[in-house]
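Understanding the architecture of this molecule
Below are the chains, spelled out letter by letter.
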Amino acid sequence: MSGGRGYIDEDDIRVRARGGSRPRTRNRPKHEDAREGFVTTVDRGRYRCLVDGRPVVAMKARELGRGSIVVGDRVALVGDLSGRPDTLARVVRVEERRSVLRRTADDTDPVERVIVANADQLVIVCALADPPPQPRFIDRCLVAAYDAGLEPLLCLTKSDLSDPDGVLAIYASLDLPNVVTSLDGDLDDVRGHLAGRTSVLVGSSGVGKSTLVNRLLPDAARAVGDVNPVTGRGRHTSTSAVALPLDGGWIIDTPGVRSFGLAHISPDDVVAGFPDLDEAVVECPSGCPHTEGTPDCALDTWLVEGRLDQARVDSLRRLLSSREGEDNTAPSA
Ligand SMILES: Nc1nc2c(ncn2[C@@H]2O[C@H](COP(=O)(O)OP(=O)(O)OP(=O)(O)O)[C@@H](O)[C@H]2O)c(=O)[nH]1
Ligand SMILES: [Zn+2]
């Protein structure tokens, strides 16, 4: 798709709508005294940040204009940083983002929204049964992960109900890092993958995300289930992401994000997630969609020559097709 990408988040609208008529000074101080914070939740124009290990609630300084602030952002804060009830600090700067996870609300939404900044890993949570596995959902998440520069981790839950081999076979040639969990199996493998990293959890309703988070972070069960100190509302009324500290890293739950509209991602950006196929597609005619039956697509030539794995090409083509919006898979929250 041509043209610039529009980044907004839901909060921008509300912040702007607040208006206000205070005069603005042109010579603002440079905020040399600003402290660094990490954004853990965003809710209606209020940003909950961790500053020196202390939760501080902040609003966006007017000088930031329409720029979005999302969970995972590293920000500079001024004002009251005590974290005491009813205090409000100001975010005066958003540090450059290492990565950006985006989505469109659905395949007809022209606006991309940044949902998480600075993550390292996208944990795609998929149940082996109840609900049955949804490869198309996994494929969508993979595209989103590759587009965002996040490493995917496939997390297959409920292995006490069904064997993981079938799903793993589909992705065998993708070399996809994966973990398998059950109701009471140990979580050492999962922890190993999460330690020291910033991981975003995504999954359809009922796959066992909350169960997993609560088992990894028994204390967070309180934090997650409790009334939100920022809004006074419960967690489940919020569709925003929340970052929870885990083993020297962060685990970011995304209760309201169950699918990724992917129409905005170009075929080339999808292929970029497959380094070995990349070599073949440089031989494709310009603008080749690489889909099944495309004349002169080099993937077919390479397949005939036995230089590519059929399953791997099928997998890429599944991603490319799902990107075209024929299947939006999981229901939106
Ligand atoms: N048998 C089995 N059941 C599980 C497992 N993990 C979770 N469940 C059950 O699956 C159901 C849904 O789990 P949740 O953790 O609420 O799922 P969720 O992904 O957070 O769902 P939403 O809150 O709708 O997003 C619950 O009844 C869990 O007890 C598992 O490993 N094995
Ligand atoms: Zn091609």
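Fair warning: this is a prediction, and the values are worked out from it, not measured in the lab. (Residues numbered from 1 in each chain as written. Chains lettered and ligands numbered in written order. Predicted model: local features only at pLDDT ≥ 70, side-chain atom pairs only at ≥ 80, totals over all residues.)

With respect to the overall build of the protein
Threshold: Secondary structure elements are taken from DSSP: a helix is a run of H or I of four residues or more, a strand is a run of E of two residues or more, and numbering for both begins at the N terminus. Working definition of burial: number of other C-beta atoms within 10 Å of the residue's own, with buried at 20 or more, exposed at 12 or fewer, and partly exposed in between, all C-beta atoms being placed from the backbone. Note on contacts: residues are paired as contacts if their backbone-placed C-beta atoms lie within 7 Å.
When helices and strands are counted, the protein shows 10 helices and 13 strands. Put simply, the protein has 333 residues, and 36% of those count as buried. Restricting to contacts in the protein with at least 6 residues of sequence separation, those with at least 24 account for 68%.

Examining the domain arrangement of the protein
Just so we agree on the cut-off: For each domain, the first and last residues come from an automatic or database assignment.
Looking at the protein, the domain boundaries give domain 1 (10-16 + 32-94), domain 2 (102-253) and domain 3 (267-323). The greatest single-element share of the side of domain 1 that touches domain 2, amounting to four residues, is contributed by strand β1 (residues 35-43).

Examining the site of ligand 1
Definition in use: Each residue gets a C-beta atom placed from its backbone. Should that atom fall within 6 Å of a molecule or strand, the residue is termed near it. Classes in brief: Ala, Val, Leu, Ile, Met, Phe, Trp, Tyr, Cys and Pro nonpolar; Asp, Glu, Lys and Arg charged; the others, Gly included, polar.
Of all residues adjacent to ligand 1, which total 15 residues, the nearest are Ser205, Gly208, Lys209, Ser210 and Thr211. For the shell around ligand 1, the leading source of residues is helix α5 (residues 209-216), giving three residues. Partitioned by chemical class, the residues of the shell around ligand 1 number three nonpolar, nine polar and three charged.

Re the nonpolar core
Rule in force here: We define the nonpolar core as any set of buried residues of the types Ala, Val, Leu, Ile, Met, Phe, Trp, Tyr and Cys, connected via C-beta atoms lying within 7 Å of each other.
The biggest cluster of nonpolar side chains holds 78 residues, and the ones touching the most others in it are Val116, Ile124, Cys126, Cys141, Cys155 and Ile252. It is helix α2 (residues 135-148) that provides the largest number of residues to this core, a total of nine residues. Setting aside anything within four residues of it in sequence, one finds Ile124 in contact with Ile138, Cys141, Pro152, Leu153, Leu154, Cys155, Val202 and Gly203.

Overview of α2
Heads up, the rule is: Take the residue count of a helix, subtract one, and multiply by 1.5 Å to get its expected span.
Taking 1.5 Å as the rise per residue, α2 with 14 residues should run 20 Å; its terminal C-alpha atoms sit 20 Å apart, in good agreement. Of all 14 residues that make up α2, 12 are buried, and the element is covered over most of its length. Those residues of α2 not exposed but buried are Phe137, Ile138, Asp139, Arg140, Cys141, Leu142, Val143, Ala144, Ala145, Tyr146, Asp147 and Ala148.

Remarks on the UniProt feature "binding site: Zn(2+)" (unreviewed entry) in the protein
This is how the line gets drawn: UniProt positions are given in the numbering used here, feature names are shortened, and annotations may be inferred rather than shown by experiment.
Under the UniProt annotation, "binding site: Zn(2+)" (unreviewed entry) lies at Cys284, Cys288, His290 and Cys297. As for its position among the elements, Cys288 is in the loop between α8 (275-281) and α9 (298-304). Once residues lying within four places of it in the same chain are set aside, the contact partners of Cys288 are Thr294 and Cys297. As for its position among the elements, His290 is in the loop between α8 and α9. For His290, a count of 22 C-beta atoms within 10 Å gives the class buried. Beyond its immediate stretch of four places on either side in the chain, His290 contacts Pro267, Val271, Val281, Cys284, Cys297, Leu299, Arg317 and Leu320.

Examining the environment of Val271
Counting through the fold element by element, Val271 comes out in helix α7 (residues 267-271). When the 22 C-beta atoms within 10 Å are taken as the criterion, Val271 is described as buried. Measuring from C-alpha to C-alpha, the distance between Val271 and Leu320 comes to 8.5 Å, with 49 residues separating the pair along the chain. Discounting chain neighbours no more than four positions away, the residues touching Val271 are Leu277, Asp278, Val281, His290 and Leu316.

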